[in-house]
Amino acid sequence: MVKTDLILRILRISAASFNRSNSGQQSNMDYKKYGWLWKIAIVPSLSGGFLAAMPNAIAEENILVIHSYHPELSWTDQVKQGIDQSFQKYRPDAKVFHEYLDSKRLPALEHSQNFLALIQKKYQNIPLDALMVSDDPGLKLILQSRDQYFPKIPMVFLGINHVQPELYKIPGLTGVFEKHSLAETVQAAKQLTGADGLIIINDSTETGQANVKRIDALKKLPNIPKAIQIISDVTPQELPQRLSAYPPSWPVVPLGQLRLNKKDGELINFEADTQILKSKVPNPIFTETSMRVGAGAIGGKVLDGGAHADQAVQLVDQILDGTNPDNLEPISESKNLWVFDARELERFQIKPQRLPAGSTIRYRQPSFYEQHQSVVWMLTGVFSSALVIIALLMEVLRRRAQVEKTLRENERRYRDLAEVGANIFWELDENLNLSYVSDLQGHQPSAISSQIIGSPLTDVFADEEIFEFNTKRLETILHWRRPIRDFIFFAKEDNQEMRIFKLNGKPIVDDAQLFQGYRGIQRDITEEYFLTKKIAYQAAYDSLTNLLNRSEFDSRLQESVNLAKEDDTQYVLCYLDLDQFKLVNDTAGHIVGDQLLTDLAHLLKQKLRPDDVLGRLGGDEFGLLMQDCTLEEAQAFCEKLVTQVQNFRFQWRDSQFRVGVSVGIVAFADASYSAEELLSRADLACYKAKDSGRGRVYVANQNDRELDHFQLQMAHIADIPQAIEEERLFLVKQPIQSIRQPTSLHRHYEILLRLRDGKNNIIGPGLFIPAAERYGVIALIDHWVLENTLDQYYQCGLEDEMVSINLSGASINDDRATAKVIALITQSSVPPSNICIEITETATIAQLDQALRFIESLKDIGVKFALDDFGSGVSSLSYLKSLPVDYLKIDGSLIKNIAVVESDREIIYLINELAHKRGMKTIAEFVENEQILEQLRIIGVDYAQGYGIGKPEPLMALNQVMAS
């Protein structure tokens, strides 16, 4: 059954993910020549902010975009914005980095290698999930250097001028080709202007050379102007003269860009050169580029950078979802739109009805409302204000009439409120007879009512079967004419329900200070009374378990201590702490843990004697106070409790949980200890029970030297900073041997910790590490162990040996501790690949996400990980698939009987197979003899550790420690 269950679990484990590492070379840059490049590369335009991607930051998905041109170019800006907006739409958590090659201003690309070296250095610690390249120069450069700088990173291109068949054959590459609608734009220009000639402005850039081929192909198409004139590398000053040779009705189509001042000068951006064209020549301007629309061009079927970028981002989105880029064929049809400028259409008298179907017309003349919106709103506001003023005046008049009506009704209203309210108003005359009672119309028939006018107040409550009333006290108050304050009595209703009332009243005197009677109120406080009782209960009882809370239990304990001083009554204080409860909380959640506590509290209450006091002291800790009980009786009682708790099974849905309990007992019958000291001593006795193996009862005798010593030792060991300052900590190493190659020169050691006390006695970690964890100083020990291991690595003769270092959950689950660990390792001369961090299952599952970040951060720098004590937890297999460790250390409890217990061998076999399928090496602990080693060799376990392999020995000799 065990074997079948394990095999099924193994089959469900997913294949191990591989780690991607980026490596690169640093190269120096001539800053004087390429100083501007540093600014582009070091301060990129980053979606979401570059500060979120500092070195060693691990983003879920990182995408690098390399633009061929500089960021100020309008096409580049349009593509960048389109990429950022599309990623925000499809994958908002992805981090997008932008870099710029600037091939327009530096077409020779002499800086290309320096640019790539900068990119490599800058992103060496950021794992890239995809690479996007915009436009031809950048794609050409990246493809030439891909194996060196971007191996195995899927690539997506965009902005490529025409379909290039060779790009279909490159593995790991897909993208979107530009499909300019030059032919359709030229045909529309001819149809809208009626001209049979065309002027095309071009340049000699790489893009311009590609345009020449497009123009040659254009001439072969139908419905194209017969005369096509090409003007290249023209400056604004030359425009009028160069175009004066052609009719002003011929449309101009700028495919390239104007030059600044000279033929080989800097290119003018799309918007600026279109504005220049409009100002210099009378010809209508048509375009296939969206940036020119609005700057002076009539329009055309344009390539929109944002839509183009969106197509490319959709390909990246599919790749990040797991699609192989080789299965995504490049897109050859980009999304182009018919877009026209209404102002230019009107200028050249082109009617919108003549435009191609589906055209978008921008920059229309605003309507009257749009032109004069502020005036319209101002007039509307004035009119509305006038209406409001009129309405206010009408309301003033209405309220004035209402005031008179309200004043007339006030007296009647207050009388009605007194009569129908929840309280009864009453008055006594000078003879102490009832003279006035507000009528409650049957709301409180068992208390004061208007039917007993003229009767003495005390006679009203004379019926003892109905009322619980302190008549004598009230008579005394009335006799001495004192105020009646919070006089509470009980009344039984006709339905036998008990109600609680409160009387309050004050004596009345006239101007001469002569007594005139009493005036007061009777109030029903039934709900308030029971609410007060409930609050008092909640103040004394734990809301989850309905046991006494810590404060109330402490009060009862103090009372018992005081009584013990007076009459020598025998008391026993028991401190109960559940075993393995934290594991239930961590694995099943706090809701399950709370229900388990509730059920256990109910179980404990059922077993108590009538006078026993049980309280909840903390999360899973309980206090039991037993009166008139001998120590032997208490011990026997607690032993039964331990057994009953161990036999208790908590069922939650399909899961069953079990916990244990450890108990510490302290007896007291005099004033030897205070309440605080008794509770502390019982707590220490409970901890001693846990230290002895859990599920036990430990009795703290009056002169318990062992417990006194343990208490002193705990107090001393808990002061870890002092132990470190006094150099009482030292390291030992225990060998881990390869089973297959026992004579291998490569050695592996686990680093262990020892402590010298004040008398130079050596204390093992089992006696002080739990205390350090309990008192919150284990992180300090972790730091000391790691720092001293790295400092002593070469001093103690280690050269290329692997060293395993144990770290606690406090270091694993703390971002600041993680940063310190990384700093210690990277600043050390010890290669990170020679360091193995050992972690326990319990430490990792407490905060699994944080533990995974810790593991990934250190594995990125080469550190290895081992999962310690595997097989001792209740959920080992369920968490193993989440932990990317290199070694699996099989718990010694499964190893020590492997030579004689067949079921243990089967479990070890399955664990070993599981680890190997996950790509892990296995290490067996507690290997004490050759028989165990032989069985492990047969099963195929990789490494062995234990006294049969080698005992721990000091990492450095004492004289070396003192010298260092």
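Residues numbered from 1 in each chain as written. Predicted model: local features only at pLDDT ≥ 70, side-chain atom pairs only at ≥ 80, totals over all residues. Heavy atoms only, no water.

(A) How the structure looks around the overall build of the chain. Across its full length, the chain carries 34 helices and 35 strands. Counting all 964 residues of the chain, 48% fall into the buried class. For the chain, the exposed area adds up to about 49,400 Å²; of that, 50% sits on carbon and sulfur atoms. (Helix = DSSP H or I, 4+ residues; strand = E, 2+ residues; numbered from the N terminus. Buried < 20%, exposed > 50% of the residue type's maximum accessible area, 1.4 Å probe, protein only. Areas by Shrake-Rupley, 256 points an atom, 1.4 Å probe, with all protein chains shown as cover.)

(B) Fine view of the pattern of salt bridges. In this structure the tally under the stated criterion is 41 salt bridges. Of the charged contacts in the structure, one is a salt bridge between Asp233 and Arg259, with a shortest N-O distance of 3.1 Å. Taken together, the residues span a long stretch of sequence, with Asp233 in the loop between β8 (227-232) and α8 (239-243) and Arg259 in the loop between β9 (252-254) and α9 (270-280) at a distance of 26 residues. Across the pair, Arg259 and Asp233 agree in class, each one buried. Of the charged contacts, one joins Arg519 and Glu427 as a salt bridge, the two residues approaching to 2.9 Å between their closest N and O atoms. Here Glu427 lies in strand β13 (residues 423-428) and Arg519 lies in strand β18 (residues 515-524), a separation of 92 residues in the sequence. (Salt bridge = Lys/Arg side-chain N within 4 Å of Asp/Glu carboxyl O.)

(C) Structural detail: the nonpolar core. Core analysis: the biggest nonpolar cluster contains 70 residues, and Ile837 and Leu936 have the highest contact counts within it. What Ile837 contacts, discounting residues up to four positions off in sequence, is Ile805, Leu807, Phe854, Leu858, Val863, Lys864, Phe865 and Ala866. One finds Cys574, Leu596, Ala601 and Ala634 within the second-largest nonpolar core, a separate group that totals 36 residues. (Core = buried A, V, L, I, M, F, W, Y, C linked by side-chain atoms within 4.5 Å. Contact = heavy atoms within 4.5 Å.)

(D) Representation of the confidence of the model for the chain. For the chain, per-residue confidence averages 84 on the pLDDT scale, and residues scoring 70 or more make up 88% of the total. Per-residue pLDDT stays below 50 along residues 441-446; that stretch engages in 10 contacts with residues further than four places along the chain or on separate chains. (pLDDT = per-residue confidence, 0-100.)

(E) Main features of the sheet that holds strand β19 (residues 571-579). As summarised here, the arrangement of the five strands in space is β20-β21-β19-β24-β25, forming an open sheet in which the pairing is mixed. Unpaired on one side and paired on the other, β20 (613-616) and β25 (697-700) mark the two borders of the sheet. Strand-to-strand twist in this sheet, taken as the mean axis angle between neighbours without regard to direction, amounts to 20 degrees. Alignment of β19 against strand β21 (residues 621-627), held across seven bridges, turns out to be antiparallel. Bridge pairing links Leu576 to Phe622 in β21. Strand contacts of helix α21 (residues 675-691): β19, β24 (660-668) and β25, with the helix running at about 140 degrees to β24, the strand carrying the most contacts. (Pairing = 2+ DSSP bridges. Axes fitted to C-alpha atoms, helices over the stretch in contact; angles between N-to-C directions.)

(F) The arrangement of helix α27 (residues 815-827) in detail. With 13 residues, α27 extends 18 Å between its outermost C-alpha atoms, agreeing within 8% with the 18 Å of an ideal straight helix rising 1.5 Å per residue. Among all positions in α27, only Ala817, Thr818, Val821, Ile822, Leu824 and Ile825 are buried. Summarising the axial view, the buried residues of α27 lie within an arc of 160 degrees, below the 170-degree limit, and thus occupy one face. In α27, those exposed residues whose orientation departs by more than 90 degrees from the buried face are Asp815, Arg816, Lys820 and Gln827. In this structure Asp814 caps α27, since a side-chain oxygen of it lies 2.9 Å from the backbone nitrogen of Arg816. (Expected span 1.5 Å × (residues − 1). Arc of directions from axis to C-beta. Polar contact = N/O pair within 3.5 Å; in protein donor to acceptor, adjacent residues only side chain to side chain.)

(G) Spatial organisation of helix α33 (residues 930-939). Among the residues making up α33, those that are buried are Ile932, Leu933, Leu936 and Ile939. One side of α33 carries all its buried residues, which in axial view fall inside an arc of 120 degrees. Residues Gln931 and Ile938 are exposed on α33 and point more than 90 degrees away from its buried face. Measuring from the side-chain oxygen of the N-cap residue of α33 to the backbone nitrogen of Gln931 gives 3.2 Å; that N-cap residue is Asn929. The positive-phi residue at the C-terminal boundary of α33 is Gly940, with phi of around 105 degrees.

(H) Focus on the environment of Leu625. Relative to the helices and strands, Leu625 is located in strand β21. When the C-alpha atoms of Leu625 and Phe553 are compared, they prove to be 8.7 Å apart, with 72 residues separating the residues in sequence. For Leu625, the residues in contact, after removing those within four places along its chain, are Phe553, Arg556, Leu557, Ser560, Tyr571, Val572, Leu573, Asp611, Asp612, Val613 and Phe668.

(I) Structural detail: the packing of helix α32 (residues 902-917) against α33. Remark: α32 packs on α33, axes separated minimally by 10 Å, with the N-to-C direction vectors making an angle of 45 degrees. The orientation of α32 relative to α33 falls into the category oblique. Taken as a pair, α32 and α33 cross one another with a handedness that is right-handed. Every residue of α33 that contacts α32 at Arg905, Ile908, Tyr909 and Asn912 is listed here: Gln935, Leu936 and Ile939. Of the residues contributing to the contact of α32 with α33, the split by class is four nonpolar, two polar and one charged. (Parallel < 35°, antiparallel > 145°, perpendicular 65-115°, else oblique. Left-handed = near helix turned anticlockwise from the far one by under 90°. Nonpolar A, V, L, I, M, F, W, Y, C, P; charged D, E, K, R; others polar.)

(J) Focus on the packing of helix α19 (residues 590-607) against helix α20 (residues 631-647). The interhelical angle for the contact between α19 and α20, taken along N-to-C directions, is 145 degrees, at an axis separation of 11 Å. The hand of the α19/α20 crossing is right-handed. Contacts between α19 and α20 involve Leu600, Leu603, Leu604 and Lys607 on the former and, on the latter, Phe637, Leu641, Gln644 and Val645. Class assignment of the residues belonging to the contact of α19 with α20 gives a composition of six nonpolar, one polar and one charged.

(K) Seen up close, the sheet that holds strand β10 (residues 299-303). Pairing is mixed in the open sheet, where three strands are placed in the order β10-β11-β12. Pairing within the sheet leaves two strands with one partner each, and these edge strands are β10 and β12 (360-362). Strand after strand, the sheet turns through a mean of 35 degrees between neighbouring axes, direction not considered. Of the pairings in the sheet, the one linking β10 to strand β11 (residues 336-341) comprises five bridges and is antiparallel in character. Counted as the bridge partner of Val302 is Leu337 from β11.

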